[in-house]
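Fold and contact review
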Amino acid sequence: MNGRVLHVVGTRPNFVKAAPVVAALRAAGCDQVLVHTGQHYDERMSDIFFRQLGLPEPDTDLGVGSGSHAGQTADLLIALEGELSARDPALVIVYGDVNSTLAAALVAAKLGMPVAHVEAGLRSFDMTMPEEINRRLVDQLAELLFVTSPEAVGHLAREGVDPGRVHLVGNPMIDTLLTHLGHFDPAAARAAYALPETYGVVTLHRPANVDDPEAAKAAARALTEAARLVDLAVPLHPRGRAALGAAGLDGAPGVHILEPLGYVEFMSLVRGATAVITDSGGVQEETTVLGVPCLTLRTTTERPVTVTHGTNRLVGHRELVPALRKVLDGGQPAPEEGPPLWDGRAGARIAAVVTRWLDHHV
Ligand code: UD1
Ligand code: UDP
């Protein structure tokens, strides 16, 4: 074993969360390796984030790609076992709740390598979500658990996780937002996508909203109706694109379907939006910090702090239009105080804990 830290990333939200941690550990002089699993691989789902967020080129891209849950996870396990064995790091850092996160934590634990989990302890209590399965298992395997909001500390305690391993550090996704805030230009984004002065932004990609044709139809119907109130810019994740198109969203008046956007372009649109409609985890957090009203098309959220300390509301398909009307009438103000420690310093706090841990364990 050496004193090296190995980060495993694979998907769009991983890149946004890892960037400030990698930067803070670099500033602390830490020896680091960045492994990309290749779970996301399109230029617009991957490369553009490395360029815009100042992430270093990955030391390895395992090129695992897409597949069924079992197929993709199996490929991830095999590829990561070879990579981690060869690199022999002192600590493996994993992010969020995607299949790459679970696979990396499982491989590392079986190889006897300590794991740090960034964004530990979030719970939707909905085991039909693949992410809920992933995050629960990763938290059982982790040696260091970095938590973004206070209720997560309680969830981990109830699951028997040693409190000495848990560190409430704030939210690295918000570090990234605050670092790049000066580059978000709503007027330029509006012009680029030919949007009127007042518009909403929509992202949808959760299996519960887009995989089942009936659910996709209900979502497309609700959005078509919402677009009668305000134009909607809809950058679609590849997962939802075909289903929502087939369900009738393409060509609906006021609906502007877009390719997945780069981080700066996306956040520029969000910053200037009157409302955001989403099922994304990260977007619930970003809208809270930007003070943009967010309507989340889900029945649960693993991020309740965005409701209690932010601009987020959970809505069903039928509630969307009345909720949007309320937002457009100015009836959904933001609370005065945001979530604790979402101040742009999460990466530095994580780096401080990691370097202290390395000093004691290597
Ligand atoms: C994954 C995560 C989800 C996260 C989302 C963020 C899991 C279980 N899910 O979902 O938690 O919210 O990333 O964006 O890990 N595809 C492309 N190009 C790409 C990547 C994917 O076309 O670069 C298409 C493929 O058809 C693929 C499908 O999208 O089958 C789904 O990709 P996958 O990585 O399996 O899951 P996501 O839906 O992206
Ligand atoms: N994002 C982006 N372009 C887009 C959609 C999303 O840059 O077209 C960014 C945004 O910062 C978001 C992050 O990617 O928070 C992760 O998004 P996603 O919704 O894919 O993942 P989730 O947070 O739901 O796991």
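In this text the structure is predicted, and so the values were computed from the model without any measurement.

Thresholds, definitions, all that
Residues numbered from 1 in each chain as written. Chains lettered and ligands numbered in written order. Predicted model: local features only at pLDDT ≥ 70, side-chain atom pairs only at ≥ 80, totals over all residues. Heavy atoms only, no water. Near = heavy atom within 4 Å. Polar contact = N/O pair within 3.5 Å; in protein donor to acceptor, adjacent residues only side chain to side chain. Areas by Shrake-Rupley, 256 points an atom, 1.4 Å probe, with all protein chains shown as cover. Helix = DSSP H or I, 4+ residues; strand = E, 2+ residues; numbered from the N terminus. Nonpolar A, V, L, I, M, F, W, Y, C, P; charged D, E, K, R; others polar. Buried < 20%, exposed > 50% of the residue type's maximum accessible area, 1.4 Å probe, protein only. Pairing = 2+ DSSP bridges. Right-handed = clockwise from strand over helix to strand, strands pointing away. Core = buried A, V, L, I, M, F, W, Y, C linked by side-chain atoms within 4.5 Å. Contact = heavy atoms within 4.5 Å. Axes fitted to C-alpha atoms, helices over the stretch in contact; angles between N-to-C directions. Parallel < 35°, antiparallel > 145°, perpendicular 65-115°, else oblique. Left-handed = near helix turned anticlockwise from the far one by under 90°.

Taken together, 17 residues form the shell around ligand 1, and within it His-40, Asn-99, Glu-131, His-205 and Arg-239 come nearest. For ligand 1, an oxygen atom lies 2.9 Å from a polar atom in the side chain of Gln-39. Between ligand 1 and Arg-206, the relevant distance is 3.3 Å, taken from an oxygen atom to a side-chain nitrogen or oxygen of the residue. Protein contacts shield 84% of the accessible area of ligand 1, which totals 750 Å² for the unbound molecule. Secondary structure elements with two or more residues in the shell around ligand 1: helix H3 (69-87) and helix H11 (238-246). A class-by-class count of the residues in the shell around ligand 1 yields five nonpolar, eight polar and four charged.

Burial analysis of strand S2 (residues 32-36) places five of its five residues in the buried class, which makes it a mostly covered element. Burial of S2 is two-sided: the residues Gln-32, Leu-34 and His-36 facing one way and the residues Val-33 and Val-35 facing the other way are all buried. Looking at chain direction, strand S1 (residues 5-9) and S2 are connected through five bridges and run parallel. Across the sheet, residue Val-9 finds its bridge partner in S2, namely His-36. Between the parallel pair S1 and S2, the chain is carried across by helix H1 (residues 12-27), and the sense of this crossover is right-handed.

Of all five residues that make up strand S4 (residues 91-95), five are buried, and the element is covered over most of its length. Residues of S4 alternate between two faces, with Leu-91, Ile-93 and Tyr-95 on one and Val-92 and Val-94 on the opposite face, all of them buried. For S1 and S4, the ladder comprises four bridges, and the chain directions are parallel. Each residue of the ladder has a partner; that of Val-8, found in S4, is Val-94. As paired elements, S4 and strand S5 (residues 115-120) share four bridges and run parallel to each other. Each residue of the ladder has a partner; that of Tyr-95, found in S5, is Val-118. Taken together, S4, helix H4 (residues 99-110) and S5 form a β-α-β motif whose crossover is right-handed.

Counting 51 residues, the largest nonpolar core has Ile-93, Phe-146, Leu-269 and Val-354 as its most contacted members. The leading source of residues in this core is H1, at eight residues. In this structure, Ala-219, Leu-232, Ala-247 and Leu-320 belong to the second largest nonpolar core, which totals 29 residues.

The next subject is the environment of Gln-332. Within the fold, Gln-332 resides in the loop between helix H15 (320-328) and helix H16 (346-361). Assessed through its relative accessible area of 12%, Gln-332 is described here as buried. Gln-332 sits 77 residues away from Val-255 along the chain, and the two C-alpha atoms are 23 Å apart. Apart from the residues within four sequence positions on either side, Gln-332 is in contact with Pro-293, Cys-294, Leu-295, Thr-311, Arg-313, Lys-326 and Val-327.

Turning next to the packing of H3 against H4. When two helices pack together, their arrangement is given by the angle between the helix axes and the distance between those axes. In contact at an axis separation of 9 Å, H3 and H4 are set at 45° when each is read in the N-to-C sense. In terms of their interaxial angle, H3 and H4 are classed as oblique. In terms of crossing hand, the pair formed by H3 and H4 is right-handed. Residues His-69, Gln-72, Thr-73, Leu-76, Leu-77, Leu-80, Glu-81 and Leu-84 of H3 touch H4, and the partners they reach there are Asn-99, Ser-100, Ala-103, Ala-104, Leu-106, Val-107 and Ala-108.

Here the focus is the site of ligand 2. In the vicinity of ligand 2, 17 residues are found, and the nearest of them are Arg-206, Leu-261, Ser-280, Gly-282 and Glu-286. In this structure, Arg-206 approaches ligand 2 through a side-chain N or O atom, which is 2.6 Å from an oxygen atom. Here Ser-280 contributes a side-chain N or O atom positioned 2.7 Å from an oxygen atom of ligand 2. Relative to its free-state accessible area of 530 Å², ligand 2 is covered by the protein chains to the extent of 97%.

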